[in-house]
Amino acid sequence: MKPIIALNLKAYPESLGKRGLELCQIAAEVSLLSGVRIIAAPQAVDLREAALACPDVFAQHVDSAPQGACTGMLTAEAIRDAGAKGSLLNHSEHRLPENEIAKTIARLKEAGLESMLCAKDAEESGRLAKYEPTFIAVEPPELIGSGISVSTAKPEVVRSSVEAVASVNSTPVLCGAGVSNAEDVRKAIELGAAGVLLASAFVKAKDPKALLASMAEAAARF
Ligand code: G3P
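Model, not experiment: these values are computed from the prediction. (Residues numbered from 1 in each chain as written. Predicted model: local features only at pLDDT ≥ 70, side-chain atom pairs only at ≥ 80, totals over all residues. Heavy atoms only, no water.)

Caption draft 1: Main features of the site of the ligand. Looking at the ligand, the residues that line it are N8, K10, H91, E139, I144, G145, A177, G178, L197, L198, A199 and S200. Between the ligand and H91, the relevant distance is 2.7 Å, taken from an oxygen atom to a side-chain nitrogen or oxygen of the residue. In the environment of the ligand, an oxygen atom lies 2.8 Å from a nitrogen or oxygen atom belonging to the backbone of G178. Under a 2 Å grid-point criterion requiring more than half of the atoms, the pocket assigned to the ligand is the largest cavity. (Near = heavy atom within 4 Å. Polar contact = N/O pair within 3.5 Å; in protein donor to acceptor, adjacent residues only side chain to side chain. 1 Å grid on protein atoms, 1.4 Å probe; cavity = no way out; pocket = protein on both sides within 12 Å on 5 of 7 lines; lining within 4 Å. Sits in = over half its atoms within 2 Å of the grid points.)

Caption draft 2: Region of interest: the pairing of strand β1 (residues 4–8). For β1, a buried count of five out of five residues is recorded, marking the element as mostly surrounded by other parts of the structure. Covered by surrounding structure in β1 are I4, A6 and N8 together with I5 and L7, the residues of both alternating faces. Taken together, the five bridges between β1 and strand β2 (residues 37–41) define a ladder with parallel strand orientation. In the strand pairing of β2, L7 is matched with A40. A crossover connection joins β1 to the parallel β2 through helix α1 (residues 18–34); in handedness this β-α-β unit is right-handed. (Buried < 20%, exposed > 50% of the residue type's maximum accessible area, 1.4 Å probe, protein only. Helix = DSSP H or I, 4+ residues; strand = E, 2+ residues; numbered from the N terminus. Pairing = 2+ DSSP bridges. Right-handed = clockwise from strand over helix to strand, strands pointing away.)

In short, shape yes, function no, at least from these values alone.
Shown next, in the form of structure tokens:
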């Protein structure tokens, strides 16, 4: 499988509305030029418009609730209707109990959508692999937003998560937290990751297109 770059736009002011749509457009352009799959996860209110700008968008979170009388819930069918291909789940900033994780992955599958399940360490990555999400993304919480890449500062987390998941099934494992440049991407893939999940370095970059293009070039070499 070719490496993947996933961009979580979080709830940053720099990724809201028009600015978020521009970031999604950049993701689409760089993906097309590089041949690397680039997933963009915009803010929920921007999802429908973002899906017009970028063919590969995910929600940042989805609820397990069914369609119907469920006020305020974001359903799998709603994100699919908005054009999303899938959803992040259980991000460190939006943790879910394990029974919710299981239900939500099942709901996404029923809706024909992909899931990128976040985990905080190797133990959790291995334990949650049985739910067979499309991807697992391991992110040590203490490095999130730090600018210090997991692939440099904690390579053992990447290696041991890949091993823990591989002992259960073949779910591809991405890594994230602090990923900031092409070298961080290269190291992550060398450690066995199927790609990277990043946020602040891209969202807050002076030139997000140049940064993403350099990361995609590094990923495309594998
Ligand atoms: O989901 C991506 C993430 O939590 C990592 O954030 O800002 O360290 O790239 P960041």
